[in-house]
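Okay, here's what each chain looks like letter by letter:
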Amino acid sequence: MKRITILIADDEAEIADLIELHLKKEGYDVLKAADGQEAVQAAQTHSVDLAILDIMMPKLDGYEVIRQIREQHHMPIIFLSAKTSDLDKIAGLVRGADDYMTKPFNPMELIARVNAHLRRYMQMSQPTTSGKPALEAGGVIIYPDQRIVTLYGETIELTPKEFDILHLLASYPKKVFSTENIFQHVWGEAYFETSNTVMVHIRTLRKKLHEDTNKNKLIKTVWGVGYTFNG
């Protein structure tokens, strides 16, 4: 069985060592990087299944690291940062993170989130023979088995969570999902501080679907309730 490898990128050695200790207790292999440049190199030269990134790092900050990683990889990425404002969290999620935790942090909560993201990621990576039909609406085609989305024939790059949210909504057109419903379906875990998380993922999805220039929005906000797919 393939060993799971997790990348920790943090210039504070004590924090990286603490996370490594808890991850190894779970049976994971660990790579550590002390700056952003090392983190990018590690992701390019090793098979990494999940990354935990600080934002404020030497050489390259976490935002640039995630930008470069996302050019080639779609593994789950968790930001672990001392930047605690809602705007900081939104900025991290907009840039492609699947989750955001603030320092100081509870190591056991971090491990719980790591396990949840890995469980979903590994399930999605398994080959399938289900032959699920493609979903089509408004120029968008979703291929569930291949986890590919096209917009008017052009493939659009989505993070795993963005794909899951879009596929969930598109699978039940006109049904309204609350942010809690979406989180529980997509993350498969207890309801954390998720209002902003789901909102930001919806926002980035809309941007990638070019809904800012399209009057026929596929993802519709039902004020005070949640979101629905307007296909």
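In the block above lies the structure referred to throughout.
Because the structure is predicted, anything quoted here is derived from the model rather than measured.

**Here we look at the pairing of strand 7 (residues 140–143)**
Summarising the sheet, strand 6 (residues 135–137) and strand 7 pair through three bridges and their orientation is antiparallel. Within the sheet, the bridge partner assigned to A137 lies in strand 7 and is V140. The turn linking strand 6 back onto strand 7 is made up of two residues, and G138 within it adopts a positive phi angle of 55°. Strand direction decides the pairing type here: strand 7 and strand 8 (residues 148–151), joined by four bridges, are antiparallel.

**Thoughts on the packing of aromatic side chains**
The tally for this structure, following the rule as stated, stands at three aromatic pairs. Arranged with centres 5.9 Å apart and planes meeting at 90°, the rings of Y63 and F79 form a pair that is edge-to-face. Note that Y63 is positioned in helix 3 (residues 62–70) and F79 in strand 4 (residues 77–81), a separation of 16 residues in sequence. Side by side, Y63 and F79 carry an identical accessibility label, which is buried.

**Here's the deal with the sheet that holds strand 1 (residues 5–9)**
Strand order in the open sheet made by the five strands is 2-1-3-4-5, with parallel pairing throughout. Of all the strands in the sheet, the pair left with one neighbour each is strand 2 (29–33) and strand 5 (99–102). Neighbour-to-neighbour, the strand axes of this sheet turn through a mean angle of 20°, independent of strand direction. Its contacts with the sheet put helix 1 (residues 13–25) on strand 1, strand 2, strand 3 (50–53) and strand 4, and the angle it makes with strand 2 is roughly 170°.

**Regarding the nonpolar core**
Counting residues in each nonpolar core, the largest one holds 26 residues, and the members touching the most others are V149, I165, L166, L169, I182 and I219. Looking at this core, the elements that each hand over two or more residues are strand 7, strand 8, helix 6 (160–171), helix 7 (179–187), helix 8 (195–208) and strand 11 (226–229). If you tally residues by element for this core, the top one is helix 6, at six residues. Residues in contact with I219, not counting those within four places in the same chain, are L166, L169, I202, L205, R206, L209, E211, Y227 and T228. L7, M57, V65 and Y100 belong to the second-largest nonpolar core, a separate cluster that totals 25 residues.

Criteria and cut-off values
Residues numbered from 1 in each chain as written. Predicted model: local features only at pLDDT ≥ 70, side-chain atom pairs only at ≥ 80, totals over all residues. Heavy atoms only, no water. Pairing = 2+ DSSP bridges. Helix = DSSP H or I, 4+ residues; strand = E, 2+ residues; numbered from the N terminus. Phe/Tyr/Trp six-rings, centres within 6.5 Å; stacked < 30°, edge-to-face > 60°. Buried < 20%, exposed > 50% of the residue type's maximum accessible area, 1.4 Å probe, protein only. Axes fitted to C-alpha atoms, helices over the stretch in contact; angles between N-to-C directions. Contact = heavy atoms within 4.5 Å. Core = buried A, V, L, I, M, F, W, Y, C linked by side-chain atoms within 4.5 Å.

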